[in-house]
Each structure stands twice: as C-alpha cells, then as structure tokens.
Amino acid sequence: IMEPSIFNTLKRYFQAGGSPENVIQLLSENYTAVAQTVNLLAEWLIQTGVEPVQVQETVENHLKSLLIKHFDPRKADSIFTEEGETPAWLEQMIAHTTWRDLFYKLAEAHPDCLMLNFTVKVSVFYLISDAGYQGEITSVSTACQQLEVFSRVLRTSLATILDGGEENLEKNLPEFAKMVCHGEHTYLFAQSMMSILAQEEQGGSAVRRIAQEVQRYAHEKGHDASQITLALGTAASYPRACQALGAMLSKGALNPADITVLFKMFTSMDPPPVELIRVPAFLDLFMQSLFKPGAKINQDHKHKYIHILAYAASVVEMWKKNKRVSINKDELKSTSKAIETVHNLCCNENKGASELVAELSTLYQCIRFPVVAMGVLKWVDWTVSEPRYFQLQTDHTPVHLALLDEISTCHQLLHPQVLQLLVKLFETEHSQLDVMEQLELKKTLLDRMVHLLSRGYVLPVVSYIRKCLEKLDTDISLIRYFVTEVLDVIAPPYTSDFVHLFLPILENESIAGTIKTEGEHDPVTEFIAHCKSNFIMMN
C-alpha cells in the first residue's frame, strides 16, 4: 500500500472488473508492515534512553546503504521515462543532508544512468547551487560536467579558501584541487579564471598561490599541465623562452641547452618579465640540480643555472598598463654569490660534518637569503633522510639539524616546511639505533620543535604534540620532555587558542604529576593556576 503506483494499479484493477472485497483481502494478507515495524523499534530505542536524533540517523543511514546496494539504474530510468519530467519528490529529498549525500554517491557509482544524469545533473545540482550547498559537491564528478554548476561550485570553493587563511587552505585544498583536476576542461577553465583574478591588486597574490598549489597537485598526480601554465602566463609573447621552459617542465629536469637559451635572454638589455621563470615547478628543478647531494651539474654551465635562479628570486620589476617602467637588479649579484657559495659547500662530497662546522658562519650569512634557505632546507632533508645518517653521528645536535634552527629564526614563511621535516624524522623508525639512542635523537628533534615554537610557530607545534599524546604512540617521557622545555621558554599572557591546546596536555595524569622540579618553583602548577584564574570559561 506504500508503493507509489498503488492508486494507478487499483484503478486498472477496478476497470478490469475486480471486486473491492478481493482487494481488501489481498492487501490485508500480504501486508508486512516493514515501515511500521521500524517505527516501533525506533520508539523502543528512544524509550531505552537513546537520543531521538541518533535513532533517526541510524535508520536513515541504514536505509541509505540499502538504496545504494540495491539501486537499479534501469528501473530508475524507467521511472524517469514514465514521469516525463523532474519527479515532484526531488525537491523534498534534497532538503535533507542524508539524501543529498545519497544522490552524490549514486551519481558517482552510476555515471551512465539517465535518471541520475538528467535528474541529478540538471535538477539537483542547479537546486543545490541555488540553495547554497555548493561546498558539498566539490568531489562529485557530475558537478564537473555542467559549466554553470561547475563555475558556481568553483566560485564558492575559491571564496571559502581565500576567506580562511593558511589553515583553511591546507584543509580545503586537496578536495578543491581534485575537483579542478577532474579533466582538462575543468583544469583549463579554473586556471584561466584564477589567472585573471591573480592580476587584481587586492587578493591577487593569494589567488596566484592557490593556482600554483593546484599546478603542484596536478604534477604530483602525473599530469603534465606545463603548456597550460605557460600559455596563461607571459610566455606566449616569448616563443623561444616558452619552448625552453616547456621542454624542461615536461621532462622534469633541467638541461644545459635550454638553460643557455634562457640565460642569454635574461642577460640581454631587454630581458623578458621575471614572472616568466617564477614557476614553482621550474624553481623546484633548480633545488634538485643545485642542492641535492650527489647531483651532477656541468661546470661550464653552472654559472648560468645560478644566475637564472638568483634572477627569479631577487629581481624586482614595476609595471604600469602592461609596460615595464623599472627593473631593480640590486640584489642579483649578492644572491648569485650566496647560492654559489652554499652550492659548493652542499654538493662537495668530500666535506664531512666537521668541515661544515668550520663553515657555519658562512652558511648562516648565506641562509639570510630566502632562496638559499629553501635550498639548504631541501639539502638537509635529502641528507638526514639517508638511512645511515644518524647512525654515523657523534654530536648531540648534528650540524644539519642546527641549520634548521637558523632557517626558523630567519624565515617565518619556511616554518611549515621545517615542522614537516621534523615530524617526518620524529615519526621515522631508526631501527639501526638502540632504544636509548632513539630517545636522545627524538629529544633533539623536540628541541628543534621548541625552537620553532619560540620563533612564533606555536599552535601547529603544540597541535602535533597533542595528537601524539592522544594517539598513544609516543613514549610519554618525550611528551614530558617537550612540556618541560616549553614551560621553560613561555610566559604570560597566553592566547585562549594556546591554552586550549596546551592545558589538556599538562592536565593529563601521565604528565602533570610526573614532572620533577627542584625547589619550590613548580612551573606546571603555576601554569595551570594561571589558566584557571584567567580562562574561566574553560572546562
């Protein structure tokens, strides 16, 4: 009796001469009351103390899984064909998150279903776009098939990322990049739009950053989008440079012939715009050629590599109405010299750790240049990631890790990459070391994290240690060591965000009562007392 076609069936039955008595008997005998039984069970669950919302979610999720399991695209197509228009129940269904999610999953699983293609693609996504649910459908391939829907979803997703800052970028970028990289048409459309927005004075640089992150995502997924990147930039006006750049980006490696072409252009009286070589993927290739241990570079052409990297990193241009009005090369020579100095130190296989210690003051001077700091960071990553690196170390703090402190001190923008490297090393199993040596190494890495925290990168560092404590996969003595070191370098006033993250670590039973202190000074108790008196709203 709950079938949608029951009334049409009854009408046909009576028209054929069927008797009402038989209808009543057949319906009564075959009635199984599935829905009513579910309602009864739901009421029993609520009476036993289960929250009504939880019961509703349980029923809806189970029904959703059954629909996904038993969905028949041919039957769905027949219903759609019979109705001849968008079903009336559609608008009611998309008002609920659960059923919207059902449509997304079905659209992904049955891309050839006419009913889903027409109903979901044309009706649901338009309705969802209008109703403000664009954020829900970034991962659905069906959203990438309709230009109007895709442009709306793209606009909303881009606005969400721009409004939320760096933290929001990390959270939303993977889903956004996946949607943009769905196909060549979506990638070209999105990058074209972001290329235009990047020229705006207000917020343009942030859009350019997002576009470059999407380029990186596409590259990591094995897509060669270099030609689109160059076409949307200024490269089209410089065909020789475009050809040289395109060849190197496509192959993922620099070569002397193409580098020579660029070197001649960028040492001429009227060089191309510096923006032409400020392609992140291109600059990454220089990192590998100039700072990777063991990388071989043709000595006759080395100065050309260094010049182009220094030019991209240091030259400042002023433009008005698409005309270059000035070009400042004041820092080009000093940047080139710093890159060359560090390159000779990093790539000299005959220099051991003791020789590097003698050159520390030189390295520290050169690290002040952002491009050199990035190169040194990459070099340290490649060096310490060697399986036997820590096994051969005798110093408490290896010189390569000490360099990370200097990078953290000089360059705030490199803080995320430094923490990423420290986390990777902290979570690596150094099975070649004994247990005590592993603990000492991890304490050294925690010292680097505390230094990073002292340079202003507070919340991400504390968040990571908090996760380590919650996952129970880190030796508790290391957490205690971190807490002790942090308490030694911090002082009021504290932000509520910091307290929300750090206080629960201190209040953990394994931490608070086990940190030994000398004399009457007890930093743990003092910190907890300060938080309790100044952050009343905290639980």
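Up top you'll find the structure we're talking about.
Residues numbered from 1 in each chain as written. Predicted model: local features only at pLDDT ≥ 70, side-chain atom pairs only at ≥ 80, totals over all residues. Heavy atoms only, no water.

1. Notes on the overall build of the protein chain
- When helices and strands are tallied, the protein chain shows 28 helices and 2 strands.
- Looking at the 539 residues of the protein chain, the share that counts as buried comes to 40%.
- Long-range contacts, defined as pairs at least 24 residues apart, comprise 64% of the intrachain contacts of the protein chain with a sequence gap of at least 6.
- As presented, the protein chain carries roughly 31000 Å² of accessible surface, and 53% of it is formed by carbon and sulfur atoms. (Helix = DSSP H or I, 4+ residues; strand = E, 2+ residues; numbered from the N terminus. Buried < 20%, exposed > 50% of the residue type's maximum accessible area, 1.4 Å probe, protein only. Contact = heavy atoms within 4.5 Å. Areas by Shrake-Rupley, 256 points an atom, 1.4 Å probe, with all protein chains shown as cover.)

2. Focus: the packing of helix α13 (residues 239–251) against helix α14 (residues 256–266)
- Running from N to C, α13 and α14 point in directions that differ by 145°, and their axes come no closer than 9 Å. Crossing angle aside, the handedness with which α13 passes α14 is left-handed. Residues Arg240, Ala241, Ala244, Leu245, Ala247 and Met248 of α13 pack against Asp258, Ile259, Val261, Leu262 and Met265 of α14.
- Of the residues that constitute the contact of α13 with α14, the class distribution is 9 nonpolar, no polar and 2 charged. (Axes fitted to C-alpha atoms, helices over the stretch in contact; angles between N-to-C directions. Left-handed = near helix turned anticlockwise from the far one by under 90°. Nonpolar A, V, L, I, M, F, W, Y, C, P; charged D, E, K, R; others polar.)

3. So, unusual backbone geometry
- Cis rather than trans, the peptide bond between proline 492 and proline 493 has omega equal to 0°.
- Phi angles above zero are rare outside glycine, and alanine 33 is one such case at about 55°.
- Among the structural elements, alanine 33 can be located in the loop between α2 (20–30) and α3 (34–47).
- With a phi angle near 60°, leucine 472 is a residue other than glycine that sits in the positive phi range.
- Relative to the elements of secondary structure, leucine 472 occurs in the loop between α24 (458–471) and α25 (476–489).

4. Some remarks on the nonpolar core
- Counting residues in each nonpolar core, the largest one holds 103 residues, and the members touching the most others are Phe282, Met449, Phe502 and Phe527.
- Listed in part, the 23 residues of the second largest apolar core include Leu173, Met179, Cys181 and Val207. (Core = buried A, V, L, I, M, F, W, Y, C linked by side-chain atoms within 4.5 Å.)

5. Here's the deal with a nonpolar patch on the surface
- Where nonpolar side chains cluster on the molecular surface, the patch consists of Val34, Val38 and Val59 and spans about 210 Å² of accessible area.
- Mapped onto the elements of the fold, valine 59 is located in helix α4 (residues 52–70).
- By relative accessible area, valine 59 is classed as partly exposed at 33%. (Patch = residues over 30% accessible without salt bridge, like charges linked within 9 Å, V, L, I, M, F, W, Y side chains within 5 Å. Salt bridge = Lys/Arg side-chain N within 4 Å of Asp/Glu carboxyl O.)

6. Side note on the packing of aromatic side chains
- For the coordinates displayed, the defined rule picks out 10 aromatic pairs.
- Seen from their ring centres, tyrosine 13 and phenylalanine 14 are 5.9 Å apart, and the 65° between their planes marks the pair as edge-to-face.
- Judged by its relative accessible area of 29%, tyrosine 13 is partly exposed.
- By relative accessible area, which is 40% here, phenylalanine 14 ends up partly exposed.
- Between phenylalanine 286 and tyrosine 305, the aromatic rings sit 6.4 Å apart at their centres with planes inclined by 75°, giving edge-to-face as the arrangement. Remark: tyrosine 305 occurs in helix α16 (residues 302–314) and phenylalanine 286 occurs in helix α15 (residues 280–291); sequence separation between them is 19 residues. With respect to burial, phenylalanine 286 and tyrosine 305 carry one shared label: buried.
- Note that lysine 442 overlies the ring of phenylalanine 426, its terminal NZ or CZ placed 5.2 Å from the centroid. (Phe/Tyr/Trp six-rings, centres within 6.5 Å; stacked < 30°, edge-to-face > 60°. Lys NZ or Arg CZ within 6 Å of the ring centre and 35° of its normal.)

7. Some words on the pairing of strand β1 (residues 316–320)
- Relative to strand β2 (residues 323–328), β1 runs antiparallel, the two sharing 5 bridges. Paired with glutamate 317 across the bridge in β2 is isoleucine 327.
- In this structure, the hairpin formed by β1 and β2 is closed by a connection of 2 residues, where lysine 321 is found at a positive phi of approximately 50°. (Pairing = 2+ DSSP bridges.)

8. A few points about helix α28 (residues 523–534)
- Taking 1.5 Å as the rise per residue, α28 with 12 residues should run 16 Å; its terminal C-alpha atoms sit 16 Å apart, in good agreement.
- Within the sequence span of α28, burial applies to Val524, Phe527, Ile528 and Cys531. Seen along its axis, α28 keeps its buried residues to an arc of 95°; they face one direction. (Expected span 1.5 Å × (residues − 1). Arc of directions from axis to C-beta.)

9. A look at the side chain of threonine 383
- Within the fold, threonine 383 resides in helix α20 (residues 370–384).
- Beyond its immediate chain neighbours, meaning those up to four positions away, threonine 383 contacts Pro293, Tyr389 and His400.

10. Brief notes about the pattern of salt bridges
- This model, assessed by the stated rule, comprises 8 salt bridges.
- In this structure, the salt-bridge partner of lysine 424 is aspartate 381, at a minimum N-O distance of 2.7 Å. One end of the pair, lysine 424, is in helix α22 (residues 415–427); the other, aspartate 381, is in helix α20, and 43 residues separate them in sequence.
- Aspartate 473 is the partner of lysine 471 in a salt bridge, and the nearest nitrogen-oxygen pair spans 3.9 Å. An identical accessibility class is assigned to lysine 471 and aspartate 473; each is exposed.

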